[in-house]
Amino acid sequence: MAIDIRPITPEDIPAIVALARVTWLDAYAGIISREQIDYMLAQRYARAGLEADIENPEKWLHQAFVDGALAGFAACEICKGEFKLDKLYIHPGMQRKGAGAALAAHAAALARSHGHSSMILAVNKHNGQAIHAYTKYGFRVRDKIVTRIGSGFVMDDYIMEKPV
Ligand SMILES: CC(C)(COP(=O)(O)OP(=O)(O)OC[C@H]1O[C@@H](n2cnc3c(N)ncnc32)[C@H](O)[C@@H]1OP(=O)(O)O)[C@@H](O)C(=O)NCCC(=O)NCCS
């Protein structure tokens with residue numbers, strides 16, 4: 001299985017948004033409400049916002065291909081001085097083939113190359129599949145955090161950290 005990682009360009013945005021929607025609906029059904037999924041997708045995956053992210057020198061967006069087919073994507077950013085893996089989504093039909101691990105390793109290399117010695121992320125406390133994967137990648141829970149994101153919705157997360 002060949003895994004190939006490339007930067008996301010503006011032309012890739014429609015495919016990334018479509019992949020995000022399918023993956024979120026699959027992963028978060030039963031964890032957060034359909035209303036909250038739609039609200040967060042609208043907040044985070046608006047075309048203009050992603051175009052601005054691509055231009056932002058403190059953000060990095062990458063996509064992974066497995067045997068030439070788009071499998072998923074990752075977004076990293078500097079958050080309050082720390083290097084954060086902000087998004088990691090692999091299409092349900094492409095999970096468990098190593099694409100998530102490859103994107104996480106790519107993010108770790110990016111963190112190192114920008115002078116960071118650790119990388120953090122936030123993951124829903126009830127997202128067992130992702131917590132299992134992140135633990136396998138070397139992350140450990142550092143903190144618990146509840147964040148109000150507007151319209152009465154909250155994110156109930158662990159902050160996980162990994163040395164890089
Ligand atoms: C979590 C995720 C990013 C992992 O990426 P991946 O490419 O599927 O996983 P990898 O091939 O790197 O495998 C790593 C581990 O993920 C876990 N995993 C992945 N898919 C799984 C599945 N369908 N069921 C159970 N565990 C799974 C396993 O622990 C796996 O290790 P193992 O096969 O040795 O048991 C991916 O499954 C995903 O996108 N999930 C849905 C969206 C999500 O929750 N993203 C994280 C948001 S914070």
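Criteria and cut-off values
Residues numbered from 1 in each chain as written. Predicted model: local features only at pLDDT ≥ 70, side-chain atom pairs only at ≥ 80, totals over all residues. Heavy atoms only, no water. Helix = DSSP H or I, 4+ residues; strand = E, 2+ residues; numbered from the N terminus. Buried < 20%, exposed > 50% of the residue type's maximum accessible area, 1.4 Å probe, protein only. Polar contact = N/O pair within 3.5 Å; in protein donor to acceptor, adjacent residues only side chain to side chain. Contact = heavy atoms within 4.5 Å. Pairing = 2+ DSSP bridges. Axes fitted to C-alpha atoms, helices over the stretch in contact; angles between N-to-C directions. Expected span 1.5 Å × (residues − 1). Salt bridge = Lys/Arg side-chain N within 4 Å of Asp/Glu carboxyl O.

**Examining the side chain of asparagine 124**
No. 1: Among the secondary structure elements, asparagine 124 is positioned in strand 5 (residues 118–124).
No. 2: Assessed through its relative accessible area of 10%, asparagine 124 is described here as buried.
No. 3: Here the side chain of asparagine 124 touches histidine 126 through a polar contact of 2.7 Å, landing on its backbone nitrogen.
No. 4: Among all residues touching asparagine 124, those that are not within four sequence positions of it are Ile31, Ile32, Ile131, Asp156 and Asp157.

**Description of the sheet that holds strand 6 (residues 140–150)**
No. 1: Overall, mixed pairing links the seven strands, which are arranged 1-2-3-4-5-7-6 in an open sheet. Looking at strand neighbours, the two that pair on one side only are strand 1 (3–7) and strand 6, the edges of this open sheet. On average, adjacent strands in this sheet sit at an angle of 30° to one another, irrespective of strand direction.
No. 2: Two elements, strand 5 and strand 7 (residues 153–163), share seven bridges in a ladder whose sense is antiparallel. Bridge pairing in strand 7 links isoleucine 120 to glutamate 161.

**A closer look at helix 4 (residues 99–113)**
No. 1: Taking 1.5 Å per residue, 15 residues should reach 21 Å; helix 4 reaches 21 Å between its end C-alpha atoms and fits that length.
No. 2: Within helix 4, the full set of buried residues consists of Ala99, Gly100, Leu103, Ala104, Ala107, Ala108, Leu110 and Ala111.
No. 3: Phi turns positive, to about 85°, at glycine 115, one or two residues after helix 4.

**Let's talk about the pattern of salt bridges**
No. 1: Across all of its chains, the model carries eleven salt bridges by this definition.
No. 2: Between arginine 47 and glutamate 51 there is a salt bridge; the shortest N-O distance is 2.9 Å. Within this pair, arginine 47 and its partner glutamate 51 are both found in helix 3 (residues 47–55), separated by four residues, close to a single helical turn.
No. 3: Each of Arg21, Arg34 and Asp38 takes part in a single network of salt bridges with overlapping partners.

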